[in-house]
Amino acid sequence: MIDAEDVVLVLLAAGQSSRFGLENKLEAEFLGKPVGFHVTTALESIPFADRIVVTDGCQLDFASRGYRVIHNDDVARGMSFSLHLGIREAIKTAPKAILIALADMPRVTAAHIYRLFDAFDGPDAVVVSSNGEHPTPPGVFGAGRFDDLLKLEGDEGGRKLVAGGRHVVTAPAELIDIDTPEDLERLRQLVHAPERITRGVAHRSD
């Protein structure tokens, strides 16, 4: 296992959001606050060594939530570029591990993160989440894997890296990520949220 004090959190909150329409998906309302602030709230009690967020033009004030903000000015280069920006910043303080999480996963819990920490077994560890069928973020990567993370390009390299790691299974609903308005609407229905989406615009139902 590993203590949270030895882990730097890298939260990825940059992307084109092209499948969500005109609105930035992280700014869309879910249960009374922006999608992107749910994970920050869920993890705020975990005493990470540092909190870093990689963001683009999103208007959410992550700095007010205790994060050091790194701007990705070239989101067209994909998630791997955001990951590299976050990892390079995180390793400056020589942490024992890095937790990589996504801001568009609003149902992640602190309890699950601690389960990832419990499964961590050394500097070469790769411990990722699973819905029982396939691995997904959040994931913890030991210091021995930092160079591997910096070499990742595209999706395939990431799949190979996590395939050999440990997979901690949790409820599929906890690992839902939001890519489209329909994803958000399905999540609202799942948790009986008061909001709903009509024609891509958020409204509050009566």
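For the structure, check the block above.
Everything quoted here is computed from the prediction, not taken from an experiment.

1. Thoughts on the overall build of the chain
Part 1: For the chain, the count of helices and strands is 6 helices and 11 strands.
Part 2: Counting only residues that meet the buried cut, the chain has 49% of its 206 residues in that class.
Part 3: Counted over contacts in the chain with a minimum sequence separation of 6, partners at least 24 positions apart contribute 68%.
Part 4: As presented, the chain carries roughly 10,000 Å² of accessible surface, and 49% of it is formed by carbon and sulfur atoms.

2. With respect to the sheet that holds strand β7 (residues 126-130)
Part 1: Strands sit in the order β5-β4-β1-β6-β8-β7-β9 across an open sheet of 7 strands; the sheet is mixed. Looking at the sheet topology across the chains shown, the edges are occupied by β5 (68-71) and β9 (166-169). Neighbour-to-neighbour, the strand axes of the sheet open up by a mean angle of 25°, direction not taken into account.
Part 2: Where strand β1 (residues 7-13) lies against strand β4 (residues 50-55), 6 bridges are found, and the strand directions are parallel.

3. Side note on the environment of G122
Part 1: Within the secondary structure, G122 is located in the loop between α3 (110-119) and β7.
Part 2: G122 gets classed as buried once you look at its relative accessible area, which sits at 18%.
Part 3: Residues G122 and A97, spaced 25 residues apart in sequence, show a C-alpha to C-alpha distance of 9.1 Å.

4. Details of helix α2 (residues 79-90)
Part 1: For α2, with 12 residues, the first-to-last C-alpha span of 16 Å sits near the 16 Å given by 1.5 Å per residue.
Part 2: Buried within α2 are the following residues: S80, F81, S82, L83, H84, L85, G86, I87, E89 and A90.

5. Observations concerning the nonpolar core
Generally speaking, soluble globular proteins have nonpolar side chains that are buried together.
Part 1: Among the nonpolar cores identified, the biggest contains 62 residues, and F48, F62, I113, F117 and L149 are the most heavily contacted of them.
Part 2: The element that contributes the greatest number of residues to this core is β1, accounting for 7 residues.
Part 3: With near-sequence residues (within four places) excluded, F48 lies in contact with A4, V7, L9, L43, L99, I113 and F117.

6. Things to note about the packing of aromatic side chains
Part 1: In this structure the tally under the stated criterion is 4 aromatic pairs.
Part 2: Between F37 and F62 the ring centres are 5.6 Å apart and the planes differ by 85°, which places this aromatic pair in the edge-to-face class. Of this pair, F37 sits in helix α1 (residues 36-42) while F62 sits in the loop between β4 and β5, and the two are 25 residues apart along the sequence. Both residues of the pair, F37 and F62, count as buried.
Part 3: Aromatic pair F48 and F117: ring centres 6.2 Å apart, planes at 85°, arrangement edge-to-face. Residue F48 is located in the loop between α1 and β4, and its partner F117 is located in helix α3; the two are separated by 69 residues in the primary sequence. With respect to class, F48 is no different from F117; both count as buried.
Part 4: Through a chain of ring-to-ring contacts, the aromatic side chains of F37, F62 and Y67 assemble into a single cluster.
Part 5: One cation-aromatic arrangement involves R65 over F37; the distance from NZ or CZ to the ring centre is 3.9 Å.

7. Points about the pairing of β7
Part 1: The buried fraction of β7 amounts to 5 of the 5 residues, a majority that puts the element mostly inside the structure.
Part 2: Here β7 shows two buried faces, one formed by V126, V128 and S130 and the other by V127 and S129.
Part 3: Counting the residues between successive antiparallel strands, the hairpin from β7 to strand β8 (residues 135-142) contains 4 residues, one of them, G132, with a positive phi of roughly 95°.
Part 4: When β7 meets β9, the two strands line up parallel, connected through 4 bridges.

8. Brief notes about α3
Part 1: Of the residues making up α3, those classed as buried are A110, H112, I113, L116, F117 and A119.
Part 2: Structurally, α3 contributes buried residues whose contacts are with β1, α1, β6 (97-102), β7, β8 and β9.

9. Description of the pairing of β1
Part 1: Among the 7 residues of β1, 7 are classified as buried, and the element is accordingly described as predominantly covered.
Part 2: Neither face of β1 is exposed, since V7, L9, L11 and A13 on one face and V8, V10 and L12 on the opposite face are all buried.
Part 3: Of the pairings in the sheet, the one linking β1 to β6 comprises 6 bridges and is parallel in character. Paired with V7 across the two strands is A97, which belongs to β6.

The rules we used
- Residues numbered from 1 in each chain as written.
- Predicted model: local features only at pLDDT ≥ 70, side-chain atom pairs only at ≥ 80, totals over all residues.
- Heavy atoms only, no water.
- Helix = DSSP H or I, 4+ residues; strand = E, 2+ residues; numbered from the N terminus.
- Buried < 20%, exposed > 50% of the residue type's maximum accessible area, 1.4 Å probe, protein only.
- Contact = heavy atoms within 4.5 Å.
- Areas by Shrake-Rupley, 256 points an atom, 1.4 Å probe, with all protein chains shown as cover.
- Pairing = 2+ DSSP bridges.
- Axes fitted to C-alpha atoms, helices over the stretch in contact; angles between N-to-C directions.
- Expected span 1.5 Å × (residues − 1).
- Core = buried A, V, L, I, M, F, W, Y, C linked by side-chain atoms within 4.5 Å.
- Phe/Tyr/Trp six-rings, centres within 6.5 Å; stacked < 30°, edge-to-face > 60°.
- Lys NZ or Arg CZ within 6 Å of the ring centre and 35° of its normal.

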